[in-house]
Amino acid sequence: MTDLDAFIKGLPKAELHLHIEGSLEPELMFELARRNGVAIPYASVEDVRAAYDFSNLQDFLDIYYAGASVLVTRADFHDLAMAYFRRAAADGVVHAEIMFDPQTHTDRGIAFEEVIEGLLSAAEEARETLGMSVQLILSFLRHLSEEEAFATLAMAEPWLDRITAAGLDSSEVGHPPVKFAGVFAAAREKGLKITVHAGEEGPPEYVYQALDLLEVDRIDHGNRALEDAALTQRLAEMGMTLTVCPLSNLKLCVIDDIASHPIDAMLKAGLKATLNADDPAYFGGYIADNYRAVVEGRGLTRADLATLARNSFTGSFLPPDAVARHLAAIDAFLEENA
Ligand SMILES: [Zn+2]
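Residues numbered from 1 in each chain as written. Predicted model: local features only at pLDDT ≥ 70, side-chain atom pairs only at ≥ 80, totals over all residues. Heavy atoms only, no water.

(A) Quick look at the UniProt feature "domain: Adenosine deaminase" (unreviewed entry) in the chain. UniProt annotation of "domain: Adenosine deaminase" (unreviewed entry) refers to residues 12–329 when read in the numbering used here. From the first C-alpha to the last, residues 12–329 spans 7 Å; its make-up is 50% helix and 15% strand. (UniProt positions renumbered as here; feature names shortened; annotations may be inferred. Helix = DSSP H or I, 4+ residues; strand = E, 2+ residues; numbered from the N terminus.)

Here you go:
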């Protein structure tokens, strides 16, 4: 392990943008397909990996939803999440706010209870065995209707005390935040935080809608806000956290190469950027790989990485005392590794 890897893995951090279904590694996909007798269109792990060649978000989503078909029982969701928690802990993640897409499963006849109880039991095991705090973000699929999002929110009712936030993901272009203004108002009424994908492929207007119509607590991705100077300044001044995913942006061709990622421009503009893996099994890297990519690709310094790690806690949905504890742990780590 290089000095840089040791620094990155030792630096305490939170992961705020991670689709738990996007952490389904091909090996586990095969094991669950066998366990559940689900046919998948791949002959080997190598075939699966060879299929992970995307030129845009939709290419990825088509394969991502097919991959999720092997997830059937609460034990499957537990095993999926625990595999991610162990992998994240090895990258220095001490707090994870994970997104899950209930409709991907309920629309296949899997009960909402199977999904949520599997994730909750894994969160408990991560707390006990890894010392990791976990929060859940229930994401609505934006290529479906607001009415279907309301139905999903209703299914979640018995577990809302154990769900921290509502999110919005899937195909962005053509499905602007305004389409879901009603269900996010209802989610906020129920005490949920709000964080939505905006400005990944969608225009700056989608980021404005997320701010003004959904009154978000966080923006997922947010890259295209940089096309609008006034919006960039507004986001910086309000301290809005952006959950940026460099390797996702590269793999989905949001950028041509990591050397052109705007992460340093974001920091220079005063934006509260964080680094995240998004869908690590599909995008070829977990959170530490994203930290390393911005050092190698954009020349970010260890001080920059510390800023990104601090942002991951101040932009998290943790209570202030927990945030303070994690910031102090970063300071102690930097002291020891000065
Ligand atoms: Zn995402």
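So much for the structure itself; the text now carries on.
(B) The arrangement of unusual backbone geometry in detail. You will see that Ser 170, though not glycine, has its phi angle at about 90°, which is positive. Mapped onto the elements, Ser 170 comes out in the loop between strand E4 (165–169) and helix H9 (181–189). For Ser 170, a relative accessible area of 6% gives the class buried. Unlike most non-glycine residues, His 221 shows phi in positive territory, near 75°. When you line up the elements, His 221 lands in strand E6 (residues 218–221). The class for His 221 is buried, based on a relative accessible area of 0%. (Buried < 20%, exposed > 50% of the residue type's maximum accessible area, 1.4 Å probe, protein only.)

(C) Structural context of the nonpolar core. In terms of nonpolar packing, the biggest core is built from 110 residues, with Phe 85, Phe 100, Ile 163, Phe 184, Tyr 282 and Leu 305 touching the most fellow members. Sorting elements by how many residues they give to this core places helix H7 (residues 112–130) first, with eight residues. Not counting chain neighbours up to four residues away, the residues in contact with Leu 305 comprise Leu 4, Phe 7, Ile 8, Leu 11, Tyr 291, Val 294 and Val 295. (Core = buried A, V, L, I, M, F, W, Y, C linked by side-chain atoms within 4.5 Å. Contact = heavy atoms within 4.5 Å.)

(D) Geometry of the pattern of salt bridges. Summed over the entire model, instances satisfying the criterion amount to 22 salt bridges. Between Arg 35 and Asp 76 there is a salt bridge, with its nearest N and O atoms 2.6 Å apart. Of this pair, Arg 35 sits in helix H2 (residues 26–36) while Asp 76 sits in helix H5 (residues 74–90); the two residues are 41 residues apart in sequence, bridging distant segments of the chain. Judged by its relative accessible area of 0%, Asp 76 falls in the buried class. (Salt bridge = Lys/Arg side-chain N within 4 Å of Asp/Glu carboxyl O.)

(E) Representation of the coordination of the zinc ion within the structure. Within the first shell, the zinc ion binds the protein through His 17 (NE2), His 19 (NE2), His 197 (NE2) and Asp 278 (OD), at distances of 2.0 to 2.2 Å. Note that the zinc ion binds four donor atoms; their angles at the metal cover 80 to 172°, and the shape is irregular. Read in sequence order, the donor residues for the zinc ion give the motif H-x1-H-x177-H-x80-D. His 17 gets classed as buried once you look at its relative accessible area, which sits at 0%. In this structure His 19 comes out as buried when scored by relative accessible area, which is 4%. (Donors = N, O, S within 2.8 Å, 3.2 Å for Na, K, Ca; no water. Tetrahedral: all angles 85-135°; square planar, octahedral: opposite > 155°, others 65-115°.)

(F) The sheet that holds strand E2 (residues 93–100), seen in detail. With parallel pairing, the eight strands of this open sheet are ordered in space as E1-E2-E3-E4-E5-E6-E7-E8. Looking at the sheet topology across the chains shown, the edges are occupied by strand E1 (13–19) and strand E8 (272–275). Direction aside, neighbouring strands of the sheet carry axes that sit 25° apart on average. In terms of strand pairing, E2 meets strand E3 (residues 133–141) through six bridges, oriented parallel. Across the sheet, the residue bridging to Ile 98 is Leu 136, located in E3. (Pairing = 2+ DSSP bridges. Axes fitted to C-alpha atoms, helices over the stretch in contact; angles between N-to-C directions.)

(G) Broad picture of the environment of His 19. Take His 19: it is sitting in strand E1. With 78 residues separating them in the primary sequence, His 19 and Glu 97 have C-alpha atoms 9.4 Å apart. Excluding its chain neighbours within four sequence positions, the residues that come into contact with His 19 are Tyr 64, Met 99, Asp 169, His 197, Asp 278 and Asp 279. Side-chain polar atoms of His 19 contact the side chain of His 17, separated by 3.3 Å. (Polar contact = N/O pair within 3.5 Å; in protein donor to acceptor, adjacent residues only side chain to side chain.)

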